[in-house]
Amino acid sequence: MSMADDVTAHPEGEPDIRPGVTPDRTWPLYEVFVRGKRGLNHVHVGSLHAPDDHMALHNARNLYTRRNEGVSIWVVRADAITASSPDEKDPFFAPSGDKVYRHPTFYEIPEDVPHL
Amino acid sequence: MDRDEQQLAEAFDATVAAEGRIEPRDWMPEGYRKTLIRQIAQHAHSEIIGMQPEGNWILRAPSLRRKAILLAKVQDEAGHGLYLYSATETLGVDRTELTEKLIDSKQKYSSIFNYPTLTYADIGVIGWLVDGAAICNQVPLCRSSYGPYARAMVRICKEESFHQRQGFELLMTLMAGTDAQREMVQDAVNRWWWPSLMMFGPADGDSPNTQQSMAWRIKRHTNDELRQRYVDMTVPQAAALGVTLPDPELRWNDERQAHDFGDIDWNEFTAVVKGAGPCNAQRLAHRRAAHEGGQWVRDAASAYAAKQAERATRRQEGEVAVA
């Protein structure tokens, strides 16, 4: 799915677009993250296809922030994201499962001690 | 089904039963995936085809205010189509493939868009009745078991509220106008009322997929339940507007605490679904022309991206002086 497979720059600077290939079949997929307002994290809102990063950003602006939904947008090529696999969900997160002492409620403190 | 798959299926069923959400990379039954692709693609296609009957009036909007509103609404429909195509892509299909299936008539869109928009009152009635019916259908889908679909529906429903209210306001304005304008509204209501009831799909007895979809919590209510809800919501709105819904059998049933209404012409519904509606051929031809006519824009965007990428590479290599 990477663009390089389908659109290769010609040595003389003329792009070589394969005839008959619909570009948006080959345009990379971008995941879009929007910061709703200052002070909040960017949150994933969806995805889109675009020929390059710059156009992905503009398309994301038009598609996901038509009503002031954001003050900042990140676009990230989907193939650049490394994700944990849902199949190994339990073993992957198991290390934190038995460490109850990481939570404040693990510790018993007399109720009359203030500010704890 | 082998042992591993049996376990995966049990985990899937447990997640759905506990009102959890299924996410793209989770294991899911093939039927669940196929049903979702069919339903979400049909929905996406409806948004995209739905731009046409309204787009028909953008250049003839009666004022700059109405034109700006209609443009924003049609742009929203394009956005809704894209949110939904994006959701189907998480199921392993490609948007381009879906577009091709649409223009080759291999996938369907809502039959409501095969009716023509004859006057400006139709723009108001589409907002009020057609988008009203769509909202009835879509609000429960915000709790659909498939995460990306449910999240797309949340965004869509927020925006649909503007669509319905602008339609109702447009009609209120016309109803406060001349007799000819009021007649125009009534005529539009007469033409759109029955097709809007058909938007909920076949009666429950003739809807073989409903039970499975409800078990998977893709759908949350039957077609007839939603249709009844829509009628009950719309009757008082019609009264507020001062129009008559064209059904002599429509009346309040105290026993059922709901409105009774007349029989839907299912022959018309079937005919329009099968392609015999007033605008089926026109809608698809227009969609095909837009797709094929837009090819040069997609080519140009690809060419531009390739050129920019190449320039960036050359700059990095120091072969091109930075201007």
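The structure presented is a predicted model; accordingly, all values stated were derived computationally and were not measured.

Visitor: Account for the packing of helix H2 (residues 30–49) of chain B against helix H5 (residues 95–103) of chain B, naming residues and giving values.
Guide: All names here are of chain B. The contact between H2 and H5 brings their axes to 11 Å, and the two run at 70 degrees. Between H2 and H5, the crossing angle belongs to the class labelled roughly perpendicular. Remark: the crossing between H2 and H5 carries right-handed chirality. Contacts between H2 and H5 involve Ala 41, His 45 and Ile 49 on the former and, on the latter, Leu 98, Thr 99 and Leu 102. When its residues are assigned to classes, the contact of H2 with H5 shows four nonpolar, two polar and no charged.

Visitor: Residues and numbers for a nonpolar patch on the surface, please.
Guide: All names here are of chain A. Taken together, Val 100, Tyr 101, Phe 106, Tyr 107, Ile 109, Val 113 and Leu 116 make up a surface patch of nonpolar side chains, about 720 Å² in accessible area. Tracing the sequence through the fold places Ile 109 in the segment after helix H3 (89–97). The exposure class assigned to Ile 109 is partly exposed, which follows from its relative accessible area of 46%.

Visitor: Describe in detail the packing of aromatic side chains, supporting the description with residues and values.
Guide: Residue and element names in this part refer to chain B. Enumeration according to the criterion identifies 14 aromatic pairs over all chains in this entry. Ring geometry for Trp 128 and Phe 168: centres 5.9 Å apart, planes at 70 degrees, overall edge-to-face. A residue pair is termed long-range when its members are at least 10 positions apart, and Trp 128 in helix H6 (residues 120–138) and Phe 168 in helix H7 (residues 147–175) qualify at 40 residues. The same class applies to Trp 128 and to Phe 168, which are both buried. Centroid distance Phe 200 to Tyr 230: 5.3 Å. Interplanar angle 45 degrees. Geometry classified as tilted. Taken together, the residues span a long stretch of sequence, with Phe 200 in the loop between helix H8 (179–198) and helix H9 (210–215) and Tyr 230 in helix H10 (residues 223–241) at a distance of 30 residues. For Phe 200, a relative accessible area of 3% corresponds to the buried category. Put simply, the rings of Phe 12, Trp 27, Tyr 32 and Trp 216 pair up and form one aromatic cluster. Sitting over the ring of Trp 57, Arg 60 keeps its end group 4.0 Å from the ring centre. Between Arg 155 and the ring centre of Tyr 83, over which it is positioned, the NZ or CZ distance is 4.9 Å.

Visitor: Help me get a handle on the environment of Ala 50 of chain A, residues and values and all.
Guide: Residues and elements named next belong to chain A. Positionally, Ala 50 belongs in the loop between strand E4 (42–49) and helix H2 (53–64). Ala 50 sits in the buried class, given a relative accessible area of 0%. Among all residues touching Ala 50, those that are not within four sequence positions of it are Trp 27, Pro 28, Tyr 30, Met 55, Ala 56 and Asn 59.

Parameters and conventions
Residues numbered from 1 in each chain as written. Chains lettered and ligands numbered in written order. Predicted model: local features only at pLDDT ≥ 70, side-chain atom pairs only at ≥ 80, totals over all residues. Heavy atoms only, no water. Axes fitted to C-alpha atoms, helices over the stretch in contact; angles between N-to-C directions. Helix = DSSP H or I, 4+ residues; strand = E, 2+ residues; numbered from the N terminus. Parallel < 35°, antiparallel > 145°, perpendicular 65-115°, else oblique. Left-handed = near helix turned anticlockwise from the far one by under 90°. Contact = heavy atoms within 4.5 Å. Nonpolar A, V, L, I, M, F, W, Y, C, P; charged D, E, K, R; others polar. Patch = residues over 30% accessible without salt bridge, like charges linked within 9 Å, V, L, I, M, F, W, Y side chains within 5 Å. Areas by Shrake-Rupley, 256 points an atom, 1.4 Å probe, with all protein chains shown as cover. Salt bridge = Lys/Arg side-chain N within 4 Å of Asp/Glu carboxyl O. Buried < 20%, exposed > 50% of the residue type's maximum accessible area, 1.4 Å probe, protein only. Phe/Tyr/Trp six-rings, centres within 6.5 Å; stacked < 30°, edge-to-face > 60°. Lys NZ or Arg CZ within 6 Å of the ring centre and 35° of its normal.

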